[in-house]
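Observations on the three-dimensional arrangement
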Amino acid sequence: MTTIICDDQRSFEFDPNRTALMVIDFQRDFLEPEGGCSGYDEGSQRLAKVIPAAKSVLEAGRRAGLHIIHTRESYRPDMTDVSPLKRENGYVGKEGPLGRCLLRGEPGCDIISDMAPMTHEPVVDKPGFSAFFETDLRHILKNKNIDYMVIIGITYQCCVHSTLRDAVDRGFRCLTLDDCCAALNPDLEDATRAIMRSEGNLFGWISDSKTFCTAIA
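What counts, and where the lines are drawn
Residues numbered from 1 in each chain as written. Predicted model: local features only at pLDDT ≥ 70, side-chain atom pairs only at ≥ 80, totals over all residues. Heavy atoms only, no water. Helix = DSSP H or I, 4+ residues; strand = E, 2+ residues; numbered from the N terminus. Buried < 20%, exposed > 50% of the residue type's maximum accessible area, 1.4 Å probe, protein only. Contact = heavy atoms within 4.5 Å. Areas by Shrake-Rupley, 256 points an atom, 1.4 Å probe, with all protein chains shown as cover. Lys, Arg positive; Asp, Glu negative; His and termini not counted. Charge placed at Lys NZ, Arg CZ, Asp CG, Glu CD. Expected span 1.5 Å × (residues − 1). Arc of directions from axis to C-beta. Polar contact = N/O pair within 3.5 Å; in protein donor to acceptor, adjacent residues only side chain to side chain. Salt bridge = Lys/Arg side-chain N within 4 Å of Asp/Glu carboxyl O.

Here we come to the overall build of the protein. The helix and strand tally for the protein stands at 8 helices and 10 strands. Dimensions of the protein along its principal axes, counting C-alpha atoms only, are 45 × 35 × 30 Å. Counting across all 217 residues of the protein, residues that qualify as buried make up 52%. A sequence separation of at least 24 residues applies to 74% of the contacts in the protein between residues at least 6 apart. As displayed, the protein offers around 9,900 Å² of accessible surface, 47% of which is attributable to carbon and sulfur atoms. Counting 25 positive and 33 negative side-chain charges, the protein places the averaged centre of each group 3 Å from the other.

With that settled, consider unusual backbone geometry. For the bond from Ile-154 to Thr-155, the omega torsion is -10 degrees, close enough to zero to count as cis. Summarising the element assignment, Thr-155 is placed in the loop between strand 8 (148-154) and helix 6 (156-169). For Leu-102, which is not glycine, the phi torsion reads 65 degrees and is therefore positive. Checked against the element boundaries, Leu-102 lands in the loop between strand 6 (99-100) and strand 7 (123-126).

The next subject is helix 3 (residues 51-64). The terminal C-alpha atoms of helix 3 lie 20 Å apart, and with 14 residues this matches the ideal 20 Å at 1.5 Å per residue to within 8%. Of all the residues in helix 3, the buried ones are Ile-51, Ala-53, Ala-54, Val-57, Leu-58, Ala-60 and Gly-61. Looking one or two residues beyond helix 3, the residue adopting positive phi is Gly-65, at roughly 80 degrees.

The subject of this paragraph is helix 8 (residues 209-216). Of all the positions in helix 8, only Ser-209, Phe-212, Cys-213 and Ile-216 are classed as buried. Mapping the buried residues of helix 8 onto a view down its axis gives an arc of 95 degrees, with all of them on the same face. Summarising the geometry of helix 8, the exposed residues directed more than 90 degrees from the buried face are Lys-210 and Thr-214. Along its buried surface, helix 8 packs onto strand 1 (2-6), strand 2 (10-14), helix 3, strand 8 and strand 9 (173-182). Residue Asp-208 occupies the N-cap position of helix 8, its side-chain oxygen lying 3.2 Å from the main-chain nitrogen of Lys-210.

Our next topic: the side chain of Thr-135. Summarising the element assignment, Thr-135 is placed in the loop between strand 7 and helix 5 (137-143). A polar contact of 2.6 Å, which involves the side chain of Thr-135, links it to the backbone oxygen of Ala-131. Polar side-chain contacts of Thr-135 include one of 3.2 Å to the backbone nitrogen of Leu-137. In contact with Thr-135, other than residues within four places in its own chain, are Val-124, Asp-125 and Lys-126.

Another point: the pattern of salt bridges. Where charged atoms from two side chains of opposite charge come close, those side chains can pair. A full pass over the atoms with the stated rule returns 17 salt bridges. Linking Asp-15 and Arg-18 is a salt bridge whose minimum nitrogen-to-oxygen distance equals 3.3 Å. The exposure class assigned to Asp-15 is buried, which follows from its relative accessible area of 19%. Salt-bridge contacts for Arg-46 lead to Glu-189; the nearest nitrogen and oxygen are separated by 2.6 Å. Within this pair, whereas Arg-46 is found in helix 2 (residues 40-48), its partner Glu-189 is found in helix 7 (residues 186-201), the two being separated by 143 residues in sequence. The class for Arg-46 is partly exposed, based on a relative accessible area of 27%. Overall, Glu-189 belongs to the buried group, its relative accessible area being 8%. Overlapping salt bridges, with partners in common, bring together Arg-46, Asp-178, Glu-189, Asp-190 and Arg-193 in one network.

Pasting the structure below:
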């Protein structure tokens, strides 16, 4: 077992052989200024600040033999899996310099080069916020005998936290690396941390990239 020192005077113990590093939604539409998601054209620079820390965790996770799983918020090119509510919001399928926003096959839907998956690392395409929503993630985790998750990604209050909530409900022990997650503004990040710590750390453990990389080196 490996131990990670965490916030709030806690520690996270896990077996690397039964641990998935969840790399959530490091996509061009979110992280590059020309990405097509409404509201991310200015916020993308803030989100992108976590890329160096996230990349260091991804590389350390690979060296340590963790199971790496990438996700993308992505939708069918014909948009038949886009709910009426999301159609009203208008960001899915929006035309932009990187193609139609978050549609599979468009350049903007791709994962950025710094976080690009290796050929053997699964990529879970999710037509929603949680990585468990309408995907085969639970089968992947079961087949790999996963009991623990280390979570990094974009965006903190939405896709990261939605995945975390679903994982906790399914019995996974989850560690979130705070400096590898970002939202469009600090208030959303503060609110997410407060929720995670509520009721005696209801949503798992919180640590940071340097502590994690040092522990598993």
